[in-house]
Protein chains: 4
Amino acid sequence: MSTAYAIIAGVGPGTGASLARKFALTYPVALLARNPDNYTSLVEEINKSGGKAIGISTDVSSSSSIDSAIAEIKSQYGDKCAAAVFNASGPFARKSILELTEKEFTGGYEVSWAKYPGTLIFTGATASVKSNALMSAFSTGKYAMRALSQSIAREFAPKGVHVAHAIIDGVIDIPRTKEWLKDMPPEAKIEADAIAEAYWNLHTQSKRAFTNEIDIRPMLEKW
Amino acid sequence: MSTAYAIIAGVGPGTGASLARKFALTYPVALLARNPDNYTSLVEEINKSGGKAIGISTDVSSSSSIDSAIAEIKSQYGDKCAAAVFNASGPFARKSILELTEKEFTGGYEVSWAKYPGTLIFTGATASVKSNALMSAFSTGKYAMRALSQSIAREFAPKGVHVAHAIIDGVIDIPRTKEWLKDMPPEAKIEADAIAEAYWNLHTQSKRAFTNEIDIRPMLEKW
Amino acid sequence: MSTAYAIIAGVGPGTGASLARKFALTYPVALLARNPDNYTSLVEEINKSGGKAIGISTDVSSSSSIDSAIAEIKSQYGDKCAAAVFNASGPFARKSILELTEKEFTGGYEVSWAKYPGTLIFTGATASVKSNALMSAFSTGKYAMRALSQSIAREFAPKGVHVAHAIIDGVIDIPRTKEWLKDMPPEAKIEADAIAEAYWNLHTQSKRAFTNEIDIRPMLEKW
Amino acid sequence: MSTAYAIIAGVGPGTGASLARKFALTYPVALLARNPDNYTSLVEEINKSGGKAIGISTDVSSSSSIDSAIAEIKSQYGDKCAAAVFNASGPFARKSILELTEKEFTGGYEVSWAKYPGTLIFTGATASVKSNALMSAFSTGKYAMRALSQSIAREFAPKGVHVAHAIIDGVIDIPRTKEWLKDMPPEAKIEADAIAEAYWNLHTQSKRAFTNEIDIRPMLEKW
């Protein structure tokens, strides 16, 4: 017996954790991060609070590492992937994402277990659409990820798979950014839980109204 | 005594009606259309089903007509506007929108009655970002509306007002388009209720995570 | 007997004058501005230096005024319009531009008098692609002009007419801006002659390599 | 004694050859391609017709290969690089481009030998701004190259270096595409010489009027 589950790839103390908690309200979740410190306590927290979570140490820039993670997820949860969120700051292995989409999501929306269309969401940044001086190492990866998400979106939408790209335009309020913008009111930073809310809303969209790109910024952000 | 209300400007048998029903679940609504035929039965339906609605014949391309409508709304509902959706296919009077934003929304999010940040949503189209041959009469208006929404968004966001622009990319499934794409499955057209759902999700976003632009298309749309 | 000519609509002491001088090296030019002060001395200068120029007082936002100007140009120069540059800061009458394109340019590239494809160039600005706070009166017009240029470009390109839109991103170095950025080196402002050079290069492009949009900014511009 | 030279990276029988011939009218040129077959006869042609050319077998996706090529160029031509065009279809080594820009171009515009600002031009494609289904391997690279060009443009413009990105939107008329669109008139394909002309015009732009992005398409292209 298996049940639909969600993958959060790129889990840390900020957005990834918010996403994990949000999707865990509905699905068992598989949390991927290179360093187990990034998911261990979160897995425990979710399992204790009535949800279900597993953590898998994964290098998301490596096809073989993602492939191993997928195999592990299937052995535990089966093959009904309802949603996958790609949330790491570094590059993802393009090939594995394509394979994941091909194998796991195609046609999923037709079958009875799927309440919502299978969903892939990519976390982009300001640098996904603007490439500033001295930022090329970051922005080339982000532009490329946006290209990947658009190509997959066009390929898989007719099969009922929903692919979306989020341009996160601003500083996310997480432990690491605690000292940033500290003289500004809270509305200068993005709340990680609000990103999770937006992603959940994307996941629950009808196949007759897919959003393929959104931007998200705090009210005090200049743009 | 007054209560927060919502304005739907540009009500017809499709998206406008869906928006009216959706926002009427939470707010009294004021429905604007030039032709009363476009709102009369809808107003009745909402009032009968436990909501509250008024309809006002308005030419949204005329500043004085919008000003009269706003005055009428205030006399009936007061001055706590929670959300306004600009959904007409033709041009809106820029000046009135600016005045509406200035007077009605500014600072609203700080006061106790406002559960969500005051929200203005503009309905755009494919032609808001692509201007095809022979389409300049339509696309010049849509490009201009997008410019307006972006300018207002930047001006009023720091005051807590949420302005968003939706690129509706596809045929909406309404009575007028019944014969369009009739050999295609339902997933070739956008469901009006799903647009209303997306707009509601925009309205309820935290001021720490405003989305200023989304696209919406059915899964079978080419883009 | 008639010869191919060029129209510069929106002539003043800056870019328009540079454009007039540049195109006058090859074509008789018709210079349009509302106020004759903006073209009188320039017309004299061009005629004295071996070129040919006429000036016509025109309100480019009025269809009838543009129509009168076109009639006047035809009576003096005939009907072989080689290039038209729309360079005014305010809005142009859309209808007249469409008619001008339809009547004057269509098929022109096929006939013997035309050395280069008939060319329409629109002068845009930063505000053509970014709509800042409090700038909506300007940016809505600029977004709309960009939409117009793109629509015409797609309609008339197959007929051999070249339509281009230039995003002028920065302060142009003209008498009116003399005091702006005065503590910066000259490379902080755009040289009007260099814009004219770029437009001429657009005009001389092969019909097998049309550029439909360029940006132009000085080396010290932030973008 | 040394003289200013140009580098064409990615030379083949089409655009690269046109670029080489165009820039060889003014500069000694260094032609880079992995396979010497792609430059041998062209080098001979240019040298026989009064120009000066060398060819260097280079893998432009490899930093060390580019570094070797640069060393070879310097030993033959010196260190006055006037222009570099990145024209290969595959990915370029980002690090080497950054180093080339840092070392060769910075400040060049101030010195007496430089008639025009030092120029880097990147050849993009439709896939630089639109990522179609099944095209992600190509488009991710093209999006990334555009990000790189924009970042370098912003970094080096204040130092007088001109970086531009060209969106080549259409089929280039080269031997390899001879059978494509064969039922269409010649205006359905881009003429390689016309691309070279456009790039030369970019190179000769004033530092007070840099174009950072152009699109180029044949008059019969749908877009």
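These figures come from a predicted structure and were not determined experimentally. (Residues numbered from 1 in each chain as written. Chains lettered and ligands numbered in written order. Predicted model: local features only at pLDDT ≥ 70, side-chain atom pairs only at ≥ 80, totals over all residues. Heavy atoms only, no water.)

**A short note on the overall build of chain A**
Rule in force here: Helix numbering and strand numbering both begin at the N terminus, where a helix is a DSSP run of H or I of at least 4 residues and a strand a DSSP run of E of at least 2. Burial classification: accessible surface area is computed with a 1.4 Å probe over protein chains only, and a residue below 20% of its type maximum counts as buried, one above 50% as exposed, and the rest as partly exposed. The Shrake-Rupley method, run with a 1.4 Å probe sphere, supplies the accessible areas, and residue values consider only the shown protein chains as cover. When charges are tallied, Lys and Arg are placed among the positive residues and Asp and Glu among the negative ones, while His and the ends of the chain are skipped. By convention, the point assigned to a charge is CZ for Arg, NZ for Lys, CD for Glu and CG for Asp.
Counting its regular elements, chain A contains six helices and seven strands. Counting from the amino terminus, helix and strand elements in chain A follow one another as β-α-β-α-β-α-β-α-β-α-β-α-β. Dimensions along the principal axes, computed over C-alpha positions, put chain A at roughly 55 × 40 × 35 Å. The buried share of chain A, taken over its 223 residues, is 61%. Working note: accessible area of chain A is about 8,900 Å², and carbon and sulfur atoms make up 52% of it. Distance from the positive charge centre (24 side chains) to the negative charge centre (23 side chains) of chain A: 3 Å.

**Thoughts on the nonpolar core**
What counts here: The nonpolar core is taken to be a set of buried Ala, Val, Leu, Ile, Met, Phe, Trp, Tyr and Cys residues, with the residues joined through side-chain atoms within 4.5 Å. The contact definition used throughout considers only heavy atoms, calling two residues in contact when any of these lie within 4.5 Å.
Counting residues in each nonpolar core, the largest one holds 79 residues, and the members touching the most others are Phe23(A), Leu31(A), Tyr199(A), Phe23(B), Leu31(B) and Tyr199(B). Once you skip the residues sitting within four places of it in the chain, Phe23(A) turns out to touch Ala6(A), Ile8(A), Val29(A), Ala83(A), Val85(A), Tyr199(A), Trp200(A) and His203(A). Among the nonpolar cores identified, the runner-up in size contains 78 residues, and Phe23(C), Leu42(C), Ala166(C) and Ala4(D) belong to it.

**Some remarks on the interface of chain B and chain A**
Heads up, the rule is: By convention, the term buried area covers the 1.4 Å-probe accessible surface removed from two parts as they join, with the contributions of both added. For salt bridges, the criterion is a side-chain nitrogen of Lys or Arg within 4 Å of an Asp or Glu carboxyl oxygen. A 3.5 Å cut-off defines polar contacts: any pair of N or O atoms within that distance qualifies, except that in protein one atom must be a possible hydrogen donor and the other a possible acceptor, and neighbouring residues in sequence count only when both atoms are side-chain atoms. Note that Gly is not counted as nonpolar here; it falls among the polar residues with everything else outside the nonpolar set of Ala, Val, Leu, Ile, Met, Phe, Trp, Tyr, Cys and Pro and the charged set of Asp, Glu, Lys and Arg.
If you look at the interface, chain B gives 34 residues, while chain A gives 34 residues. Carbon and sulfur atoms supply 52% of the area buried between chain B and chain A, which totals about 2,900 Å² over both sides. Its largest share of buried area at the contact with chain A, chain B owes to Arg208(B), Met219(B) and Trp223(B), together 32% of the area lost on that side. Summed over the shared surface of chain B and chain A, the result is four salt bridges. Put simply, chain B and chain A have 22 residue pairs in polar contact (both at pLDDT 80 or more) between them. Counting residues per element, the ones that place at least two in the side of chain B that touches chain A are helix H5 (136-156), helix H6 (192-203) and strand E7 (213-216) of chain B. Per element, the largest residue contribution to the side of chain B that touches chain A is four residues, and it comes from E7(B). Taken together, the residues of the side of chain B that touches chain A break down into 16 nonpolar, seven polar and eleven charged.

**Quick word on the pattern of salt bridges**
Throughout the structure, instances matching the rule amount to 46 salt bridges over all chains. As a salt-bridge pair, Asp59(B) and Arg34(B) come within 3.3 Å of each other at their nearest N and O atoms. With a gap of 25 residues between them, Asp59(B) in the loop between strand E3 (53-57) and helix H3 (63-77) and Arg34(B) in the loop between strand E2 (29-33) and helix H2 (40-48) connect regions that are remote in the sequence. Ionic contacts of the salt-bridge type, sharing partners, join the residues Asp169(A), Asp215(A) and Arg217(A) into one network.

**So, the packing of helix H4 (residues 94-105) of chain D against helix H5 (residues 136-156) of chain D**
Each pair of packed helices gets described by two things: the angle between the helix axes and the distance between those axes. Residue and element names in this part refer to chain D. For the record, the criterion: Whenever a helix is involved, its axis is fitted only over the stretch in contact; in every case the axis is a line through C-alpha atoms, and angles between N-to-C directions fall within 0 to 180 degrees. Roughly parallel means an angle under 35 degrees; roughly antiparallel, over 145; roughly perpendicular, 65 to 115; everything else is oblique. Each helix crossing is assigned a hand: it is left-handed if the near helix lies turned anticlockwise from the far helix by less than a right angle, otherwise right-handed if that turn is clockwise.
At their nearest, the axes of H4 and H5 sit 12 Å apart, and the two run at 20° to each other. Our classification of the angle between H4 and H5 gives roughly parallel. For the pair H4 and H5, the sense of crossing is right-handed. Side by side, H4 and H5 meet where Arg94, Ile97, Leu98, Thr101 and Glu102 of the first sit next to Leu148, Ile152, Glu155 and Phe156 of the second. When grouped by side-chain class, the residues that make up the contact of H4 with H5 number five nonpolar, one polar and three charged.

**Digging into the packing of aromatic side chains**
So the rule is basically this: Geometry of aromatic contacts follows a simple scheme: Phe, Tyr and Trp rings, the Trp one being its six-membered ring, pair when their centres are within 6.5 Å, and the pair is stacked under 30 degrees between planes, edge-to-face over 60, tilted otherwise. By definition here, charges over rings are those cases where NZ of Lys or CZ of Arg is within 6 Å of the ring centre and within 35 degrees of the ring normal.
Per the counting criterion, the structure on display carries 24 aromatic pairs over all chains. Taking 5.0 Å as the distance between ring centres and 20° as the angle between the ring planes, the aromatic pair formed by Phe86(A) and Phe122(A) counts as stacked. One end of the pair, Phe86(A), is in strand E4 (residues 81-86); the other, Phe122(A), is in strand E5 (residues 119-125), and 36 residues separate them in sequence. Exposure class is identical for Phe86(A) and Phe122(A). Each is buried. A connected cluster of aromatic rings, assembled from ring pairs, spans Phe23(A), Tyr27(A), Tyr116(A) and Trp200(A). The ring of Trp223(A) carries the charged tip of Arg217(A) above its face, separated from the ring centre by 4.0 Å. The aromatic ring of Trp223(D) is capped on one face by Arg154(C), whose charged end is 3.8 Å from the ring centroid.

**Looking at the environment of Ser68(A)**
Along the chain, Ser68(A) turns up in helix H3 (residues 63-77). Distance in space between the C-alpha atoms of Ser68(A) and Arg217(A) is 35 Å, their sequence separation being 149 residues.

**Side note on a nonpolar patch on the surface**
Residues and elements named next belong to chain A. Test applied: Note on patches: the residues involved have over 30% relative accessible area and no salt bridge, like charges join within 9 Å, and the nonpolar side chains Val, Leu, Ile, Met, Phe, Trp and Tyr join within 5 Å.
A cluster of nonpolar side chains, namely Trp180, Leu181 and Met184, defines an oily patch on the protein surface of about 280 Å² accessible area. Inspection of the secondary structure puts leucine 181 in the loop between strand E6 (162-168) and helix H6 (192-203). Leucine 181 sits in the partly exposed class, given a relative accessible area of 38%.

**Here we look at helix H4 (residues 94-105) of chain A**
Residues and elements named next belong to chain A. As a reminder of what qualifies: Multiplying one less than the number of residues by 1.5 Å gives the expected span of a helix. The directions from the helix axis to the C-beta atoms are what the arc is built from.
The terminal C-alpha atoms of H4, which comprises twelve residues, lie 16 Å apart, in line with the 16 Å expected from a rise of 1.5 Å per residue. Taken together, the buried positions of H4 are occupied by Ser96, Ile97, Leu100, Thr101, Glu104 and Phe105. Each buried residue of H4 sits inside an arc of 135° when the element is viewed along its axis, so together they form one side. Summarising the contacts, the buried residues of H4 are in contact with strand E1 (5-9), H3, E4, E5 and helix H5 (136-156).

**Here we look at the side chain of Thr177(D)**
Residue and element names in this part refer to chain D. Tracing the backbone through its elements, the reader meets threonine 177 in the loop between strand E6 (162-168) and helix H6 (192-203). Threonine 177 gets classed as buried once you look at its relative accessible area, which sits at 2%. In this structure the side chain of threonine 177 is engaged in a polar contact, spanning 2.7 Å, whose partner is the backbone oxygen of isoleucine 172. Sequence-distant contacts of threonine 177, defined by excluding residues within four places in its chain, comprise Val171, Ile172 and Lys189.

Any functional reading would require information beyond the geometric quantities listed.
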